[in-house]
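# Working through the structure, step by step
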Amino acid sequence: MEVFYIDDQPVPFEKGEKILSAALRAGLEIPHFCYHPALSVVATCRMCLVDVTDLGNGRPAPKLMTSCSTDAMPNMRISTQNDKVQEGRELVMEYLLVNHPLDCPICDQSGECTLQDHSYAHGTGHSEMEYNKRVYGWRDIGTFVQLERNRCIHCSRCDRFTREITGTDEFGMFNRGHELTLDTFSDRAMTNHFQGNMADICPVGAITEKEFRFKRRAWKLRKVPSVCTGCSTGCNITIEHDRNEVLRLKPRENQDVNQWWMCDEGRLTYQQMNEREQRLAKPMGRVKGKLLQVTWQQLYDAVADRLEALKPNGEQVVALVDTHSTLEEMFLLRRLLQEVFSSDQVFYPQQDWTQPESEFFIETLITTDKAPNQAGARLLGLKGSQEHDVISAMKSAKLLLVLGNPFINEQPLLDLAGTTELMVHIASRQSEWTDRADAIFPGQNHAEKEGSFLNKQEHWQRFWPALRPSRHVRPEWQILSELLHMGTATPVQQTPQFSQIFQQMTSIEHKLFGNLALEKLGESGISLADLRQQSDTLAQTA
Amino acid sequence: MLEETLVLFRNIRTPGYDGTLDSYRKAGGYQSLPKALAMQPEEVIALVKEAGLRGRGGAGFPTGLKWSFMAKNTGKPSYLVCNADESEPGTCKDRELMLKDPHLFLEGMMIGCYALGCHHGYIYVRGEYFPAIKSLNKAIDDCYREGILGPKLLGGDYELDLTVHTGAGAYICGEESALLDSLEGKRGHPRVKPPFPAVAGFNSCPTSVNNVETLTNVTAILEMGADAYKSLGSPNNAGTHLVSLSGHVNRPGVYEVAMGVGLREIIQELGGGVRGGKQLKGVIPGGSSSPVLRADEIDIAYDFDSVGKAGSMMGSSAIMVFDEDTDVVKLLHRISRFYNHESCGQCTPCREGTHWARQLLRDFLQNNGSERKLNRLQRVGRNMGGTTLCALGDAASMPIVSFLKKFPDDFRQYYATAS
Ligand SMILES: Cc1cc2nc3c(=O)[nH]c(=O)nc-3n(C[C@H](O)[C@H](O)[C@H](O)COP(=O)(O)O)c2cc1C
Ligand code: SF4
Ligand code: SF4
Ligand code: SF4
Ligand code: FES
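Calculation criteria
- Residues numbered from 1 in each chain as written.
- Chains lettered and ligands numbered in written order.
- Predicted model: local features only at pLDDT ≥ 70, side-chain atom pairs only at ≥ 80, totals over all residues.
- Heavy atoms only, no water.
- Helix = DSSP H or I, 4+ residues; strand = E, 2+ residues; numbered from the N terminus.
- Buried < 20%, exposed > 50% of the residue type's maximum accessible area, 1.4 Å probe, protein only.
- Contact = heavy atoms within 4.5 Å.
- Lys, Arg positive; Asp, Glu negative; His and termini not counted.
- Charge placed at Lys NZ, Arg CZ, Asp CG, Glu CD.
- Near = heavy atom within 4 Å.
- Nonpolar A, V, L, I, M, F, W, Y, C, P; charged D, E, K, R; others polar.
- Core = buried A, V, L, I, M, F, W, Y, C linked by side-chain atoms within 4.5 Å.
- Polar contact = N/O pair within 3.5 Å; in protein donor to acceptor, adjacent residues only side chain to side chain.
- pLDDT = per-residue confidence, 0-100.
- Pairing = 2+ DSSP bridges.
- Buried area = accessible area lost by both parts, 1.4 Å probe.
- Salt bridge = Lys/Arg side-chain N within 4 Å of Asp/Glu carboxyl O.
- Domains from an automatic or database assignment.

### Regarding the overall build of chain A
Along its length, chain A carries 17 helices and 24 strands. Considered along the principal axes of its C-alpha atoms, chain A spans approximately 90 × 60 × 40 Å. Split into buried and exposed, the 542 residues of chain A put 57% on the buried side. Look at the contacts in chain A between residues 6 or more apart in sequence, and 65% of them connect residues 24 or more apart. Side-chain charges in chain A split into 58 positive and 72 negative, and the spacing between the mean points of these groups amounts to 3 Å.

### Quick notes on the site of ligand 4
In the vicinity of ligand 4 lie 13 residues, with B:Cys344, B:Cys347, B:Cys350, B:Thr388 and B:Cys390 positioned nearest. Partitioned by chemical class, the residues of the shell around ligand 4 number eight nonpolar, five polar and no charged.

### Describing the nonpolar core
Residues A:Phe4, A:Leu115, A:Phe171, A:Ile207, B:Phe403 and B:Phe411 are the most contacted members of the largest nonpolar core, which totals 132 residues. Ranked by residue count, the leading element in this core is helix α2 (residues 83-98) of chain A, at eight residues. Beyond its immediate chain neighbours, meaning those up to four positions away, A:Ile207 contacts A:Val145, A:Gln146, A:Leu147, A:Cys158, A:Phe171, A:Met198, A:Ala199 and A:Cys202. Grouped together as the second largest cluster of nonpolar side chains are 63 residues, B:Leu33, B:Trp67, B:Tyr158 and B:Leu162 included.

### Considering the side chain of A:Asp242
All names here are of chain A. Take Asp242: it is sitting in strand β12 (residues 236-242). A polar contact is formed between the side chain of Asp242 and the side chain of Arg243, at a distance of 3.4 Å. Sequence-distant contacts of Asp242, defined by excluding residues within four places in its chain, comprise Arg216, Lys220, Leu221 and Leu247.

### Quick word on the confidence of the model for chain B
Residues at a pLDDT of 70 or more form 100% of chain B, whose mean pLDDT is 96. On the interface metric, ipTM, the complex scores 0.92, and its pTM is 0.94.

### Comments concerning the pairing of strand β2 (residues 9-13) of chain A
Residue and element names in this part refer to chain A. Both strand β1 (residues 2-6) and β2 contribute to a ladder of five bridges, which runs antiparallel. Considered in β2, the bridge of Glu2 is made with Phe13. Connecting β1 to the next strand, β2, in antiparallel fashion are two residues, including Asp7 with a positive phi near 45 degrees.

### Some remarks on the sheet that holds strand β9 (residues 293-294) of chain B
Residue and element names in this part refer to chain B. What the five strands build is an open sheet, ordered β6-β5-β11-β8-β9; its pairing is mixed. Two strands bound the open sheet, and with one partner strand each, they are β6 (253-258) and β9. Here strand β5 (residues 240-247) pairs with strand β11 (residues 318-323) via four bridges, running parallel. Within the sheet, the bridge partner assigned to Ser244 lies in β11 and is Ala318.

### Some remarks on the interface of chain B and chain A
Taken residue by residue, the interface counts 34 residues in chain B and 30 residues in chain A. Taking both sides of the interface into account, the surface hidden between chain B and chain A amounts to around 2900 Å²; carbon and sulfur atoms contribute 51%. It is B:Arg351, B:Glu352 and B:Trp356 that lose the most area in chain B upon contact with chain A, and together they represent 21% of the buried surface on that side. Remark: the boundary between chain B and chain A carries six salt bridges. Listed by contribution, the elements that provide at least two residues to the side of chain B that touches chain A are α13 (328-342), α14 (348-365) and α15 (371-384) of chain B. By residue number, the principal contributor to the side of chain B that touches chain A is α14(B), which donates ten residues. Along the lines of polarity and charge, the residues of the side of chain B that touches chain A split into ten nonpolar, 15 polar and nine charged.

### Structural notes on the domain arrangement of chain A
Residue and element names in this part refer to chain A. What the domain assignment reports for chain A is domain 1 (3-95), domain 2 (98-273) and domain 3 (284-490). Centre-to-centre separation of domain 2 and domain 3, based on C-alpha positions: 38 Å. On the domain 3 side, the residues contacting the 39 residues of domain 2 number 29 residues. Overall, the association of domain 2 and domain 3 removes approximately 2800 Å² of surface from exposure, summing both partners, and the carbon and sulfur fraction of that is 61%. Contact with domain 3 buries surface across domain 2, with Thr229, Ser232 and Asn244 losing the most and accounting together for 22% of the total. For the pair domain 2 and domain 3, the number of links is one salt bridge. Glu265 serves as the salt-bridge partner of Lys370, at 3.9 Å between the closest nitrogen and oxygen. At the junction of domain 2 and domain 3, the tally comes to 14 residue pairs in polar contact (both at pLDDT 80 or more). Elements supplying a minimum of two residues to the side of domain 2 that touches domain 3: α4 (157-165), β11 (222-227), β12, β13 (245-251) and α7 (270-274). Of the residues in the side of domain 2 that touches domain 3, the class split is 16 nonpolar, 18 polar and five charged.

### Let's talk about unusual backbone geometry
The general pattern is negative phi for most residues beyond glycine and trans for most peptide bonds. Of note, the amide linkage connecting B:Lys193 to B:Pro194 takes the cis form, showing an omega dihedral of -5 degrees. The residue after B:Pro194, namely B:Pro195, is reached through a cis peptide bond having omega 5 degrees. Its location among the elements puts B:Pro195 in the loop between α8 (176-183) and β4 (207-211). In the Ramachandran plot, A:Ser342 falls in the positive-phi region, its phi being about 50 degrees despite a non-glycine side chain. Tracing the backbone shows A:Ser342 in the loop between α9 (327-341) and β17 (346-348). The phi torsion at A:Asn515 lies on the positive side, around 60 degrees, for a residue other than glycine.

### Some details on the pattern of salt bridges
By the definition in use, this model includes 67 salt bridges over all chains. A:Glu94 serves as the salt-bridge partner of B:Arg379, at 2.9 Å between the closest nitrogen and oxygen. Of this pair, B:Arg379 sits in helix α15 while A:Glu94 is found in helix α2, placing the two residues in two different chains. B:Arg379 gets classed as partly exposed once you look at its relative accessible area, which sits at 22%.

### Some thoughts on the pairing of strand β7 (residues 145-148) of chain A
Residue and element names in this part refer to chain A. Alternating positions in β7 separate into two faces, Val145 and Leu147 on one and Gln146 and Glu148 on the other, with burial throughout. Strand direction decides the pairing type here: strand β6 (residues 138-140) and β7, joined by three bridges, are antiparallel. Bridging from a neighbouring strand, Trp138 pairs with Glu148 of β7. Hairpin connection, β6 to β7: the antiparallel pair is bridged by four residues. Where β7 meets strand β10 (residues 207-209), three bridges bridge the pair, whose relative direction is antiparallel. Bridging from a neighbouring strand, Val145 pairs with Glu209 of β10.

Here you go:
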């Protein structure tokens, strides 16, 4: 690749690439507002000015150039720091602020606001504007976001988003000159399913999420990488939390999965992470027909006694698992059935899912499979409910294990649960299964535990714990591995680590997972196809 | 005594000429087009280049060169779009042509289309020009009826359609890329360049945007040949041009003169001097965006290069004259109001700067000026220049900077007096 120079540092670029995009790729920062890698270049904010001291032919550019719209050229030399550039930025900042309300104290964007950051870094710190500022009211523009036009810096990212990314064209530019506003048409609210992204790409507090309004100062939020559980796409997200409460979910860029985006429905799954009412908070056991609170030890002992008495085996043991469960949980459940009960009857609710076809990538994000890990269940060889007769399997079951809350809409299955001798429910939330269970092992929710999923394209992605769980609950992988130890009578050493479970899975299933160590599964995951290719080449070179 | 050099206005100045197809034909019209059709398109472009024609839309860009930039073999249609938006204050020459001699212009447009290989040309007319729009539409209808336009251009084997499209009252739609957006049915916003229209213009196809007067000149070049055309003007400024003379002169109007005649002569001899025997105070030599010249600065030749050397621009050849009684603060306020009103608003310095400058000037008019505000006005004006996406930022900047430089005392009289 050819190079050009930014402040004497060589920067490689592709032919036709603009200065700013090459700089950002090389990890260099040039302040900008209107440029966004996903959107067309309009070069209107004028913040990204640079001084091209040599166009590559020995001659300087006649004036400051906007780096977002200027082609990089071989041997071009650019200064982003000299006095001329700083003066250029100062004047753009001054113009941007003459009509800006600067209501940072009550602005939700404060702390993560590009305007704030750039005025701090590149502004003069004082204003000579002595006239009244432009004032508009705030507007309710959609189901998920609202618009505070006073704060708008007219970068038009929102407008380009509905035109170029969702193709819904709900935004437009109105009026001219200093009265220019960006808004929805004819007071019509937006209905696209991706409005939260507009709050993300709006560089200021003009478009903000209603859900997050006035809830927390941005700098209070702690951020943990995770994966959205809203559907089988598995958008990469950050769980943003404070004081053990999730405040919002934000998409994390991953070009292989969700690019920069996620849908609004996915964003709303944060509510489930904070949910308390339906929570299975403590271990419970059925004593004389009634569910009572017990200790973990009592529960394990009671289950062990019952199993000793029943000695369920083979066809008498059935497990149902939902596809919100992680790969590790499914793997342990399968082992438990195989190794302790010689059964392979682990069923998951199989979904026929569809995904819209569209020339707009973002419209293909949402799939009809509303769980994140069906591909994982399939890969691990669990039995899909459409290919196997779960009802007839249940009819001969003495022991029923339910992990999560699968099949809750299938009354015949629920009814059959009553006919089993022992029913164990391992889950973080109550459901129809809970009432029918004899032993209830309270698990942890998505924001509390670790795990990994396989998305619809078999992209393997892990997530990290964000919230501190109550001390009465345990992660499902731990419960399952404890049950496994109990059944195989191997002494439970100390509590296993997640990484050990993971290692166990990838080494036992090395054909599927290539013996991958947990540290190697980074924040953007890995595609199984790539992994296979890697291990093939490894095998060949070995 | 300075006289008009009649090339484009030859018919218009002929008594009894009414601009209809009949009278145009009688006056020798539609003779240039067959000449062009007998040539190869490249030869037509070479001829226009050779004649040294420079664009009359404002920038004076060589037309032949612009045409030779058109992307070739793209597999897409190419377009010639005529810029008839004429909205720079002071300019009113294209209207004369469209209204009084539409066929002379249309013939040039047809030649241009042939030279560029376009089979569909658009004329984007300023929306307020109702009579001109009517006249153009009638002329085009007549051409279709007479078999000049249509599947067989002039009965030959070249297919050409022309369509008149009317603007909706935005000055910015005179800027060529905003014009193309508007023509595509979008909000007229200047585009990022590159790509230039010659590569991706109307509907992303190769497009040339040319002014009405520019295209009308093409008819004349085909008629008289490159050398005769060149001999009319001054070096590097070929031909004649239409000068819109307005303001405090005795005989305002549109005059056709050879490039390079004296600016003062135009005002004195064609315009009959300053109205009411008053003294001249200054001249805006090229439409309201061009830097102002003081009365003592106008002894220059009136062509692109000479006015440029004098620190201003000839732009669209619109001369605005003002006398000694003129309040230049009011004048500048009026001009600034215009650019504020017409800024499309998408880029920061122009959106905020045009309004800020207008507010500052209003302060002066309310006897609330000060040295500080004068400096600020100068800074706000200067900072819009060269920092914006399109040239409207410069257009708003140049009058402010030049008025403050040339007439500082006029602003001082509006300083706040302690009362
Ligand atoms: C703000 C602005 C307004 C303009 N308005 C006009 C106009 O009304 N008519 C025109 O012919 N050119 C106008 N232009 C110039 C056009 O962009 C373009 O340069 C011209 O149409 C090219 O034609 P020419 O090569 O024949 O001169 C304007 C430019 C700017 C920046
Ligand atoms: S948008 Fe940014 S600068 Fe404006 S009020 Fe909000 S935090 Fe402050
Ligand atoms: S609302 Fe936000 S994204 Fe839209 S133009 Fe204004 S600042 Fe930009
Ligand atoms: S300079 Fe003014 S008119 Fe031109 S693009 Fe920018 S805001 Fe619009
Ligand atoms: S980022 Fe380049 S002009 Fe806005």
